[in-house]
Amino acid sequence: MDRGDEKLESMGGCRMCLAIPGKIIEITSDATHSALVDVMGVRRRVDLGLLQEDKPKTGDWVLIHVGFAMSKISEEEALDQMHTLQMLGESEAAIDEARGYGLEDVEEKRIT
Amino acid sequence: MKFVDEFRNPELIMKTAEEIRRLTDPQWHYRLMEVCGGHTHAIYRFGLKDVLPENIDLIHGPGCPVCVLPMGRIDDGLSIAAQPNVIFAAFGDMMRVPGAHGSPLEHKARGADVRIVYSPTDAIKLAKANPDKHVMFFAIGFETTAPSTALTLQRAKAEGLQNFSVFCNHVTIIPAIRAILDSPDMRLDGFIGPGHCSTVIGCRPYEWIATDEGKPIVVCGFEPLDLLQSIVMLLRQLKNGEAKVENQYKRVVPWEGNRAALKAMKEVFQLRPYFEWRGLGFISQSALRIRDSYAQWDAERRFNVPGIRITDPKAAQCGEVLKGVLKPAQCKLFAQECTPESPVGALMVSSEGSCAAFYNYQHRKPVTISNATLASVV
């Protein structure tokens, strides 16, 4: 049973409109347009491909949807957004989603 | 009470609620549609209806991608999953959505290789990790999600990835709004415009709603105050006899949208001549297909897809609810045969679906805010 199964029971399903704030920790220097982003304490690689016309830099806050940063936001807005997620009862789902980016479980499976 | 404690600016919320009351003509029954499923969820979760005057009705719109996907598309996707050496990858929201022969999750229990991904690029990762299998990503979503699928397809092409494809179910929001406005049994005064979808398309695509249809639309954020402020903006326009596009969510939504995202979508997708929407029927030019230049990564061309069409169970009135003609509780199946635990219609599956939202927050009657509790915090 992979970790996806365990998630299914508790899953509310509201992922499609979930936009998660994250702070850019480090931008990858190669051509992959990705960055290491801190999402509510979870660090994951996030795709910056959709922000190539207005490139963010380290320390900037972005709004993330399905693993892609979709807009640059202010720190104040990021905090607002986290508060909204909390009020919507979705901060757990947001952290779970961020944890899911990169498909760590697949790689673990390959190793074992 | 619980939520009131969590609200910031309860005074401001109270003032905004008073402003709404002041702007409301008691002789008129207001019908405002929130297009986005995220807003539907927020409205119920925050119990916002309790602070609105009784003559303001919020009608839940078609902006829940899971809810509007016709059942046959799920079966088509799952028919590919049934072929040997295929991994069916989709977002978590798809997993419990029933097809005619069960949900992706039930197919998994019967032996299909079904995986949850949180990002379409992870489906690429899955393909690389399983070179002897074919990974099909079941893509759904409005313009919020479509650019991510587009970029993923660009990457797959750039890398010449052979064992990966996308089953594209992306839909576009504007034709859905048009279909609702064209519906003869529908009367609406204005729209609460989608938030995150608009970060991609911007505000300009809504202009016809104001100019041609004479309806105000306000692009809106997801906090209680955002929603109330947007209602104030709509009521002001209505009071002044105006109809224009306004952006309440300026802090996130640029008027012009996200050009890089629109460019990627344009390069990878083209409009389908028509597409079926659950509850709304066939709508022309309302969905995206993968362009010929990406045919190799298009699951619909790569596999023999049966093109299944299934009519919803007759007793279920998803279409009427989706168009806002009926309230969730007015459907005969609501809370009887159809519950979030055992959904008949898709509106009950996703928490963004109006039936599930209504069931969880209204039908089960949790503590929500009321004018009395709100008044007690100021």
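Source: prediction; values computed, not measured. (Residues numbered from 1 in each chain as written. Chains lettered and ligands numbered in written order. Predicted model: local features only at pLDDT ≥ 70, side-chain atom pairs only at ≥ 80, totals over all residues.)

### Let's talk about the overall build of chain B
Tallying secondary structure elements over chain B gives 17 helices and 13 strands in all. Taking 2.2 N^0.38 as the reference for a compact globule, 378 residues should give roughly 21 Å; the C-alpha atoms of chain B span a radius of gyration of 21 Å, in line with that estimate. Projected onto the principal axes, the alpha-carbon positions of chain B cover approximately 65 × 45 × 40 Å. The burial tally for chain B puts 56% of its 378 residues in the buried class. In chain B, 76% of the contacts between residues at least 6 apart in sequence involve partners at least 24 apart. (Helix = DSSP H or I, 4+ residues; strand = E, 2+ residues; numbered from the N terminus. Rg over C-alpha atoms; globule rule 2.2 N^0.38 Å. Buried ≥ 20, exposed ≤ 12 C-beta atoms within 10 Å, placed from the backbone. Contact = placed C-beta atoms within 7 Å.)

### Points about helix α16 (residues 354-363) of chain B
Every buried residue of α16(B) is listed here: B:S354, B:C355, B:A356, B:A357, B:F358 and B:Y359. Along its buried surface, α16(B) packs onto α3 (37-45), β2 (56-63) and α15 (318-322) of chain B.

### So, the interface of chain A and chain B
Chain A puts 40 residues into the contact, and the matching count from chain B is 47 residues. Among the elements of the structure, α1 (3-10), β4 (61-65), β5 (68-73), α2 (75-87), α3 (91-100) and α4 (104-111) of chain A are those that each provide at least two residues to the side of chain A that touches chain B. If one sorts the elements of the side of chain A that touches chain B by residue count, α2(A) sits on top with five residues. Per-class residue counts for the side of chain A that touches chain B are 18 nonpolar, 14 polar and eight charged. (Nonpolar A, V, L, I, M, F, W, Y, C, P; charged D, E, K, R; others polar.)

### Side note on the packing of α3(B) against α16(B)
To describe two helices that pack against each other, one gives the angle between their axes and the distance between the axes. Residue and element names in this part refer to chain B. Look at α3 against α16: their axes get within 9 Å of each other, and the N-to-C directions meet at 15°. Relative to α16, the element α3 lies roughly parallel. Between α3 and α16 lies a crossing of right-handed hand. Facing α3, whose interface residues are T40, H41, Y44 and R45, α16 presents S354, A357, F358, Y361 and Q362. A per-class count over the contact of α3 with α16 returns four nonpolar, four polar and one charged. (Axes fitted to C-alpha atoms, helices over the stretch in contact; angles between N-to-C directions. Parallel < 35°, antiparallel > 145°, perpendicular 65-115°, else oblique. Left-handed = near helix turned anticlockwise from the far one by under 90°.)

### Let's talk about the confidence of the model for chain B
Residues and elements named next belong to chain B. Chain-level pLDDT for chain B is 90 on average; 94% of the residues reach the 70-or-more range. Below a pLDDT of 50 lies the segment residues 366-378, which in the model reaches 28 contacts outside its immediate sequence neighbourhood of four places, other chains included. The ipTM value of the predicted complex is 0.88, and its pTM value is 0.90. (pLDDT = per-residue confidence, 0-100.)

### A short note on the sheet that holds strand β5 (residues 134-141) of chain B
Residue and element names in this part refer to chain B. A sheet is described by the order of its strands in space; here four strands give the open sequence β4-β3-β5-β6, paired in parallel fashion. The outermost strands of the open sheet, each flanked by one partner alone, are β4 (113-116) and β6 (164-170). Pairs of neighbouring strands in the sheet enclose a mean axial angle of 25°, with direction left out of account. Here β5 pairs with β6 via seven bridges, running parallel. By the bridge assignment for β6, F137 is matched with V166. Sheet strands in contact with helix α7 (residues 120-129) are β3 (86-90), β4, β5 and β6, and its direction is about 175° off that of β5. (Pairing = 2+ DSSP bridges.)

### Quick notes on the pairing of strand β1 (residues 20-27) of chain A
Residue and element names in this part refer to chain A. Relative to β4, β1 is paired through four bridges, and the arrangement is antiparallel. Residue pairing for β4: I20 is matched across the bridge by I64. As paired strands, β1 and strand β2 (residues 34-39) are joined by four bridges and run antiparallel to one another. Its bridge partner being in β2, I27 is matched across the sheet by A35.

### A word on the pairing of β6(B)
Residues and elements named next belong to chain B. Across the seven residues of β6, seven count as buried, placing the element largely inside the fold. Taking every second residue as pointing to the same face, both faces of β6 are buried, with F164, V166, C168 and H170 on one and S165, F167 and N169 on the other. Once you follow β5 into helix α8 (residues 146-158) and on to β6, the crossover reads as right-handed. (Right-handed = clockwise from strand over helix to strand, strands pointing away.)

### Some points on the sheet that holds strand β7 (residues 190-193) of chain B
Whenever strands of a sheet pair, they do so through backbone hydrogen bonds, lying parallel or antiparallel. All names here are of chain B. Pairing is parallel in the open sheet, where five strands are placed in the order β2-β1-β7-β8-β9. Of all strands in the sheet, those bounded by a partner on one side alone are β2 and β9 (245-247). Across this sheet, the average inter-strand angle for adjacent strands is 20°, counted without regard to direction. The pairing of strand β1 (residues 30-36) with β7 spans three bridges and is classified as parallel. Residue pairing in the sheet places M33 in a bridge with F191 of β7. Of the strands in this sheet, β1, β2 and β7 are in contact with α3, which crosses β1 at around 120°. Where helix α12 (residues 224-239) meets the sheet, its contacts fall on β1, β7, β8 (217-219) and β9, and the angle it forms with β7 comes to roughly 150°.

### Considerations on the packing of α7(B) against α8(B)
All names here are of chain B. Interhelical geometry of α7 versus α8 gives an angle of 30° and a closest axis separation of 8 Å. Here α7 is positioned roughly parallel relative to α8, judged by the angle of their axes. In this structure, α7 uses P120, T121 and I124 to contact α8, whose residues at the interface are S148, T149, T152, R155 and A156. Taken together, the residues of the contact of α7 with α8 break down into three nonpolar, four polar and one charged.

### Digging into the nonpolar core
A:I64, B:A89, B:M136 and B:F138 are the most contacted members of the largest nonpolar core, which has 151 residues in total. The leading source of residues in this core is α12(B), at seven residues. Residue contacts for A:I64: discarding those within four places in its chain leaves A:A19, A:I20, A:G22, A:V37, A:V39, A:V46, A:A69 and A:M70. (Core = buried A, V, L, I, M, F, W, Y, C linked by C-beta atoms within 7 Å.)

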